Amino acid sequence: MIPVILYASETGNAADTAHRIARAFRSHHRKISCQPMNLFPLSSLPHTNLLILVTSTHGRGDPPPTMLPLWNALLRSSLPEDILEDVHYAIFGLGDSSYERFCWAGKMLARRMEGLGANKMGEPGWGDERSPNGIEDAFLPWLQQTLDLFLPYLPSTSSSPPLPLTGLPPPIYSLRPVSVLDDVPVNLDRLSISPLPTNGHSTAAPSRVEDSVQGHGSSSSKPDDWVWATLGKNTRVTKEGWWQDVRGIEIEFEDPETMPYLPGSICSLQPQSSTEDVDAFLEMSGLEDQADIPMTIEAILEEQPLAPHLPPSSAQTTLRLLLTNHLDIRASPRKSFFEWLRRLSPDERERERLDEFIADPDEIHTYATRPSRTITETLADFRQTRIPLTHILEILPPLRRRQFSIASSWEAHPGKVQLLVALVEYKTNLKIPRKGLCSSWLNALTVGTRIPIHIAPPTLFLPPSPETPVILVGPGTGVAPMRAFTEVRARHGAAIDTAVYFGCRSMTTDCFYASEWEQYKKQGVKVEIAASRDQAEKLYVQHLIKRDKQRIREWIVDRGGSVYITGSSNAMPREVREAIAWCISAEGAGDMSEEESKVYVERMFEEKRGGEESW
Ligand SMILES: Cc1cc2nc3c(=O)[nH]c(=O)nc-3n(C[C@H](O)[C@H](O)[C@H](O)COP(=O)(O)O)c2cc1C
């Protein structure tokens, strides 16, 4: 019996936690498999006797998208109530208790598992980022409990004592040089291969070259459910000299038969690490002479499939391509990274420092998270420690795709996707200038470059009838999906029942789509722009909503309208909901009590009369 860990993660924390659990089982010489939930064959679930579920929560208590196939399957009303009676499961959820629905996805999943007859192994663990030691406070006792409960059922593969946390486990993946080039020496165990070059740059570095091995095009390889597209436009949409550089990006689908996307859909882009970053990492790790050797990746353990962010074992790759397209060398190191360094460091003083990091999450926060220190910079501080090729695929986190709400509608821009992308540029608290990985990658692409993109269906849907009023609230780049919705509403004769609340700093600097709003106003759309700094008193979208209390009440309460809120996940969405509740309360323009109006707004969102998407 081999237990299965299934994880659902959005930004990588749950995935990292799941792999820590797998390593703990393997260090006790037990077999275990660890996979993302969406890749697990659902028909196998009732026959999975030992199951460990790990999920984070996003949005307003929503599961990460990779939980949805499993979740939707479990929700089917036709399922027998005892379908999971052979399943024994443990669950760990990751969340943040400052959100109303703390660890909601995990809690819903646990409840449904019980409802379908699954047997709980121990108490669920709910990891809270707000806890003094972050999720560790709940995770460490939960892990111990889970090991205690599961291990007795599992045969041990070795009579040796468990490997300590500081012991280097056997690798789970192998990087094998391609046989035609077998005369090229690759020493996978070598920690340090060559002296550092004096000029700090590798001379042979081809730039962004996934396919220099595979021989097609200039960009990265494409997963099956992605499509090829071409960068059509990249135009600055904030005033020249304004502190924030926001880009209007247009991408054209290559295939003229591409299925139209719905307004509010989400476009994913797979960024690449820059040549400079890859060179810096290779230099730091002493792996330059291994960088361009063609290799394939294989899973060593039969129960553990290759992680989905890695190229399939049939594909030829190189270390440089892996670092460019698949592995994140600019990520902020998590605790698991320091645990790896501790296993690898030959130096007493480094080990002491690493032990401090492992014992105290606050130390990691101060050293890595707060100053946005990257993995490469961390390696520069731990000069004696080298990441070996044998374990590099496990140690470096995946280079995550980035998601953008599409700012265009297919109807207005057939065959194209338009995005509003803020170029992220800031100084860390160590005064190091830093650029966002995805936005700087995108901005460096020349128009005409071929890139793979993925279109995911929307989570927000316009009401089917154009007569239903809609209120679209999207300050900053949050206006992107609202612009797409406005395009569709105007084309369907619904302009007069559409209100847009957009927020910017000033009409002259960052008022996105300004000329389009003028046109839409002429067609009857109520366009209300809160330019926060254009007057002495700060003005925000929620102020304009309160000003328009009569219309808000009439459209929502009398006419059953929908409200959409998109943009930054700080206080804005909550303040907008409060402003709407105020409008429909007796204090505003309605007749509900304060409590009733709040419940009404909550229920609207539950019933999908609109919705919220924040990032
Ligand atoms: C936009 C956003 C919304 C979130 N919403 C919730 C929530 O409703 N409830 C909760 O417990 N945690 C919430 N979180 C916290 C995440 O669950 C937490 O950061 C977790 O570690 C992320 O794990 P992941 O990287 O595996 O996705 C939210 C985080 C973000 C960034």
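Quick caveat, the model's predicted, so the values are computed rather than measured.

As for the site of the ligand
- As a structural note, the neighbourhood of the ligand is formed by 20 residues, with Ser9, Thr11, Ala14, Thr57 and Glu129 the closest of them.
- The contact in question runs from an oxygen atom of the ligand to an N or O atom on the backbone of Glu10, over 2.7 Å.
- In this structure, an oxygen atom belonging to the ligand sits 3.1 Å away from a main-chain N or O atom of Asp96.
- A total of 640 Å² of accessible area belongs to the ligand in isolation, and the protein chains cover 89% of it.
- For the shell around the ligand, the secondary structure elements donating two or more residues are α1 (13–27) and β4 (88–95).
- In terms of residue class, the shell around the ligand is built from five nonpolar, ten polar and five charged.

Things to note about unusual backbone geometry
- A positive phi angle, near 50°, is found at Ser372, a position not held by glycine.
- On the secondary structure map, Ser372 appears in the loop between α10 (361–369) and α11 (375–381).
- Although it is not a glycine, Tyr513 sits at a positive phi angle of roughly 60°.
- Note on placement: Tyr513 falls in the loop between β18 (498–504) and α15 (514–523).
- On the basis of relative accessible area, Tyr513 is assigned to the buried category, the value being 17%.

Overview of the side chain of Arg343
- Mapped onto the elements, Arg343 comes out in helix α8 (residues 335–344).
- For the buried Arg343, which has no salt bridge, the nearest side chain bearing the opposite charge is Glu339, at an N-O separation of 4.1 Å.
- Separated by 3.0 Å, the side chain of Arg343 and the backbone oxygen of Leu165 make a polar contact.
- Apart from the residues lying within four places of it in its own chain, the contact partners of Arg343 are Arg23, Leu165, Thr166, Gly167, Leu168 and Pro169.

A word on the nonpolar core
- Counting residues in each nonpolar core, the largest one holds 40 residues, and the members touching the most others are Phe281, Leu323, Ile392, Leu393 and Leu396.
- Of all the elements, α8 adds the most residues to this core, at five residues.
- Excluding anything up to four places from it in sequence, Leu323 contacts Ser273, Val278, Phe281, Leu282, Ile329 and Leu396.
- By size, the runner-up hydrophobic cluster in this structure holds 27 residues, among which are Ala480, Phe485, Val500 and Ala531.

Remarks on the pattern of salt bridges
- This structure, assessed with the given rule, holds 37 salt bridges.
- One salt bridge in this structure joins Lys335 and Glu136, with 2.8 Å as the shortest N-O distance. With Lys335 in helix α8 and Glu136 in helix α4 (residues 136–150), this pair connects stretches of sequence that are 199 residues apart.
- Judged by relative accessible area, Lys335 falls into the buried class, the value being 13%.
- Among the residues examined, Glu136 registers a relative accessible area of 9% and is labelled buried.

A few points about the packing of helix α14 (residues 479–491) against α15
- For the pair α14 and α15, interaxial distance at closest approach is 12 Å and the crossing angle is 35°. You can see that α14 and α15 cross each other, and the crossing is left-handed. Along its contact with α14, which presents Val479, Arg483, Thr486, Glu487 and Ala490, the element α15 presents Glu516, Trp517, Tyr520 and Gln523.
- The class makeup of the residues in the contact of α14 with α15 is four nonpolar, two polar and three charged.

Things to note about the sheet that holds strand β9 (residues 246–253)
- Spatial strand order, β12-β10-β16-β8-β9-β13: six strands in an open sheet with antiparallel pairing. The open sheet has two edge strands with one neighbour each: β12 (402–405) and β13 (416–422). Geometrically, the sheet is characterised by an average inter-axis angle of 40° between neighbouring strands, direction not taken into account.
- Across seven bridges, the pairing between β9 and β13 is antiparallel. Within the sheet, the bridge partner assigned to Val246 lies in β13 and is Ala422.

With respect to the packing of helix α9 (residues 348–359) against α10
- Interhelical geometry of α9 versus α10 gives an angle of 110° and a closest axis separation of 5 Å. Our classification of the angle between α9 and α10 gives roughly perpendicular. For the pair α9 and α10, contact is made by Arg353, Glu356, Phe357 and Ala359 and by Pro361, Glu363, Ile364 and Tyr367, respectively.
- Across the contact of α9 with α10, the residue classes tally to five nonpolar, no polar and three charged.

With respect to the state of the cysteines
- For the coordinates displayed, the defined rule picks out zero disulfides.
- No disulfide involves Cys34; its sulfur sits 18 Å from that of Cys103, the nearest cysteine.
- Taking relative accessible area as the criterion, Cys34 reaches 3% and is therefore assigned buried.
- Looking at Cys504, it has no disulfide partner, and the nearest cysteine sulfur is the one in Cys511, 4.5 Å off.

A few points about the UniProt feature "domain: FAD-binding FR-type" (unreviewed entry) in the chain
- As recorded in UniProt, the sites labelled "domain: FAD-binding FR-type" (unreviewed entry) are residues 224–464.
- The straight-line gap between the two end C-alpha atoms of residues 224–464 is 32 Å; of that span, 28% is helix and 21% is strand.

Reading the values: the criteria
- Residues numbered from 1 in each chain as written.
- Predicted model: local features only at pLDDT ≥ 70, side-chain atom pairs only at ≥ 80, totals over all residues.
- Heavy atoms only, no water.
- Near = heavy atom within 4 Å.
- Polar contact = N/O pair within 3.5 Å; in protein donor to acceptor, adjacent residues only side chain to side chain.
- Areas by Shrake-Rupley, 256 points an atom, 1.4 Å probe, with all protein chains shown as cover.
- Helix = DSSP H or I, 4+ residues; strand = E, 2+ residues; numbered from the N terminus.
- Nonpolar A, V, L, I, M, F, W, Y, C, P; charged D, E, K, R; others polar.
- Buried < 20%, exposed > 50% of the residue type's maximum accessible area, 1.4 Å probe, protein only.
- Lys, Arg positive; Asp, Glu negative; His and termini not counted.
- Salt bridge = Lys/Arg side-chain N within 4 Å of Asp/Glu carboxyl O.
- Contact = heavy atoms within 4.5 Å.
- Core = buried A, V, L, I, M, F, W, Y, C linked by side-chain atoms within 4.5 Å.
- Axes fitted to C-alpha atoms, helices over the stretch in contact; angles between N-to-C directions.
- Left-handed = near helix turned anticlockwise from the far one by under 90°.
- Pairing = 2+ DSSP bridges.
- Parallel < 35°, antiparallel > 145°, perpendicular 65-115°, else oblique.
- Disulfide = S-S within 2.5 Å.
- UniProt positions renumbered as here; feature names shortened; annotations may be inferred.

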